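Fold and geometry: a report
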Amino acid sequence: MSAVILGIESTAHTLSFGFVDVEGVAYPSESALFKPKEGGIHPREAADHHSKVAGELLKRFMETHELSRRDIDAVAFSQGPGLGPCLRVGASVARSLSHSWNIPLVGVNHCVAHIEIGRSQTGCDDPVLLYVSGGNTQVIARANKRYRVLGETLDIGIGNMLDKFARSQGIPFPGGPKIERLAAAWTADTPGAELSGVSLPYGVQGMDLAFSGILTAAQQKTLDGNPLREVCWSLQEHSFAACVEVAERAMAHTGKDELLLGGGVACNERLREMSQIMCGERGGESFWPARPFCVDNGTMIAELGRRMIDSGTVTSLTNSAVSPGLRTDHTIVTWD
């Protein structure tokens with residue numbers, strides 16, 4: 001194999017190497033996930049994990065895909081947003097490879113990478129993106145050479161909220177998949193279940209969202225004696241409905257008829273079902289990439305890097321500092 005773009009993802013708990021070829025064909029990533037022994041993710045502990053596993057992970061990645069340094073045309077890395085210590089590990093690895101292999105370096109916007117891998121994998125053209133992950137919840141649409149944020153969380157990301165609730169119930173990280181299974185079990189065993197008994201705050205505030213209130217209320221419901229499965233179901237129904245409502249407003253406002261789900265929470269089948277129902281009712285269509293491309297992965301970084309390089313954008317060493325607070329709409333879109 002020759003002429004591929006290497007991508008390095010390291011914004012939070014995942015260190016990942018992935019690649020695409022120059023035509024945009026995506027290949028599976030090799031990833032290592034940091035799982036804290038208790039509590040949430042400590043940035044320094046996650047960064048230490050990434051530093052320790054980076055060399056062996058890269059070696060395994062190259063061997064698995066039968067790649068040599070001569071096959072790599074450029075290296076892309078997550079420049080932001082994310083946890084500063086974690087971002088710096090990925091950036092350091094990328095700079096080292098760029099220098100030692102004498103290949104171009106390109107720093108990419110992690111949020112925009114979720115959009116571009118979704119477009120690449122699903123074939124949608126100009127979607128509204130519902131970006132739902134641990135640290136981010138945004139509704140995004142492209143206009144005038146930028147991806148504009150039309151609505152976002154005012155406090156914590158939806159994935160963070162689900163993980164916090166899970167931890168309060170003794171469920172280890174990541175908690176979202178377990179909550180999904182518990183909610184599905186409740187609906188399977190309780191036909192015609194109604195939300196009135198476990199009503200929670202509705203997090204829509206104009207075009208924005210808020211999840212701290214629903215988190216506290218859900219925790220109280222369990223203390224009041226409601227079954228955990230029922231509370232998990234209600235938590236999903238309320239929070240997902242809020243996200244889909246804002247996404248529908250964005251579609252109406254922009255006149256777009258495609259909705260793209262991105263981020264780790266986009267793996268949730270109930271969220272996908274809600275999105276399909278909403279889009280079907282308004283004559284639109286919903287999309288999401290396969291699970292390996294929803295969660296954080298190096299391949300999505302490589303895909304955005306490829307598009308940027310094709311449009312003439314590379315990153316000099318002096319401009320390669322990480323940007324933990326990088327916004328989705330800070331990146332100028334120079335590609336189609």
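Now for a quick tour of the structure. All of these numbers come straight from a predicted model, not from anything done at the bench.

Things to note about the layout of surface pockets
A volume near 160 Å³ is recorded for the second largest pocket. Lining of the second largest pocket is provided by Gln79, Gly107, Met308, Thr313, Thr315, Asn319, His330, Thr331, Ile332, Thr334 and Trp335. Residue classes in the lining of the second largest pocket are distributed as three nonpolar, eight polar and no charged.

Comments concerning the sheet that holds strand 7 (residues 137-143)
Across the sheet, five strands lie side by side as 8-7-6-11-12; this open sheet has mixed pairing. Of all strands in the sheet, those with a lone pairing partner are strand 8 (146-152) and strand 12 (285-287), marking the two edges. In this sheet, adjacent strand axes meet at a mean angle of 25 degrees when their direction is disregarded. Running at roughly 160 degrees to strand 6 (residues 128-132), helix 7 (residues 228-254) makes contact with strand 6, strand 7, strand 8 and strand 11 (258-262) of the sheet.

Quick notes on the sheet that holds strand 1 (residues 4-9)
As summarised here, the arrangement of the five strands in space is 3-2-1-4-5, forming an open sheet in which the pairing is mixed. Lying at the two open borders of the sheet, with one neighbouring strand each, are strand 3 (26-33) and strand 5 (105-109). When strand polarity is set aside, the average angle formed by the axes of neighbouring strands in this sheet is 20 degrees. As paired elements, strand 2 (residues 14-21) and strand 3 share six bridges and run antiparallel to each other. Opposite serine 16, over in strand 3, you have serine 31 as the bridge partner.

Describing the environment of glutamate 23
You can see glutamate 23 is positioned in the loop between strand 2 and strand 3. Given a relative accessible area of 65%, glutamate 23 falls into the exposed group. Residues glutamate 23 and arginine 306, 283 residues apart in the sequence, show an inter-C-alpha distance of 8.8 Å.

With respect to the nonpolar core
One recurring pattern in soluble globular proteins: nonpolar side chains tend to sit buried together. Membership of the largest hydrophobic core comes to 46 residues, with the highest contact counts inside it found for Ile158, Met161 and Leu259. Within the residue set of this core, elements represented by two or more residues are strand 6, strand 7, helix 4 (158-168), helix 5 (176-189), helix 6 (212-223), helix 7, strand 11 and helix 8 (269-281). A total of twelve residues in this core trace back to one element, the largest contributor, which is helix 7. Residues within four places of isoleucine 158 in sequence aside, it is in contact with Val132, Ser133, Asn136, Thr137, Phe211, Ser239, Phe240, Cys243 and Val265.

Quick look at the state of the cysteines
Under the counting rule described, the total for this entry stands at zero disulfides. Left without a disulfide partner, cysteine 86 is nearest to the cysteine sulfur of cysteine 111, which lies 15 Å away. You can see cysteine 111 has no disulfide; the closest cysteine sulfur is in cysteine 294, sitting 15 Å from it.

A few points about the pattern of salt bridges
By the definition in use, this model includes 16 salt bridges. Between arginine 44 and aspartate 48 there is a salt bridge, with its nearest N and O atoms 3.6 Å apart. With a gap of four residues between them, arginine 44 and aspartate 48 both fall in helix 1 (residues 43-64), about one helical turn apart. The partly exposed category is assigned to arginine 44, whose relative accessible area is 40%. Aspartate 48 sits in the partly exposed class, given a relative accessible area of 35%. With its nearest N and O atoms 2.7 Å apart, the salt bridge here joins arginine 270 to glutamate 237. One end of the pair, arginine 270, is in helix 8; the other, glutamate 237, is in helix 7, with 33 residues separating them in the sequence. You can call arginine 270 partly exposed: its relative accessible area is 24%. Where salt bridges share partners, they join Glu116, Arg119, Glu303, Arg306, Arg307 and Asp310 into one cluster.

Description of unusual backbone geometry
At the junction of glycine 80 and proline 81, the peptide bond is cis and its omega measures out at -5 degrees in the coordinates. Checked against the element boundaries, proline 81 lands in the loop between strand 4 (72-80) and helix 2 (84-101). Put simply, phenylalanine 173 and proline 174 share a cis peptide bond, and its omega is -10 degrees. Along the polypeptide, proline 174 turns up in the loop between helix 4 and helix 5.

Here we look at the packing of aromatic side chains
The full count for this structure, using the stated rule, is three aromatic pairs. Taken together through their ring pairs, the aromatic side chains of Phe17, Phe19, Tyr27 and Phe61 make up a single cluster.

Description of helix 1
Its 22 residues place the ends of helix 1 29 Å apart at the C-alpha level, agreeing with the 32 Å of an ideal helix rising 1.5 Å per residue. The sharpest bend along helix 1 comes to roughly 50 degrees, located at alanine 54. Those residues of helix 1 that fall on the buried side of the exposure criterion are Ala46, Ala47, His49, His50, Ala54, Leu57, Leu58, Phe61 and Met62. On its buried face, helix 1 sits against strand 1, strand 2, strand 3 and helix 2. Looking one or two residues beyond helix 1, the residue adopting positive phi is glutamate 66, at roughly 55 degrees.

Concerning the pairing of strand 5
Counting buried residues along strand 5, five of its five residues qualify, which places the element largely inside the surrounding structure. Where burial is concerned, the two faces of strand 5 agree: the one with Leu105, Gly107 and Asn109 and the one with Val106 and Val108 are both buried. Pairing analysis gives five bridges linking strand 4 to strand 5, with the strands arranged parallel. Looking across to strand 5, one finds that valine 75 is bridged to leucine 105.

What counts and what doesn't
Residues numbered from 1 in each chain as written. Predicted model: local features only at pLDDT ≥ 70, side-chain atom pairs only at ≥ 80, totals over all residues. Heavy atoms only, no water. 1 Å grid on protein atoms, 1.4 Å probe; cavity = no way out; pocket = protein on both sides within 12 Å on 5 of 7 lines; lining within 4 Å. Points joined across faces, edges and corners; volume = space filled by probe spheres on them. Nonpolar A, V, L, I, M, F, W, Y, C, P; charged D, E, K, R; others polar. Pairing = 2+ DSSP bridges. Helix = DSSP H or I, 4+ residues; strand = E, 2+ residues; numbered from the N terminus. Axes fitted to C-alpha atoms, helices over the stretch in contact; angles between N-to-C directions. Contact = heavy atoms within 4.5 Å. Buried < 20%, exposed > 50% of the residue type's maximum accessible area, 1.4 Å probe, protein only. Core = buried A, V, L, I, M, F, W, Y, C linked by side-chain atoms within 4.5 Å. Disulfide = S-S within 2.5 Å. Salt bridge = Lys/Arg side-chain N within 4 Å of Asp/Glu carboxyl O. Phe/Tyr/Trp six-rings, centres within 6.5 Å; stacked < 30°, edge-to-face > 60°. Expected span 1.5 Å × (residues − 1). Bend = angle between axes of the 7 residues up to and from the residue.

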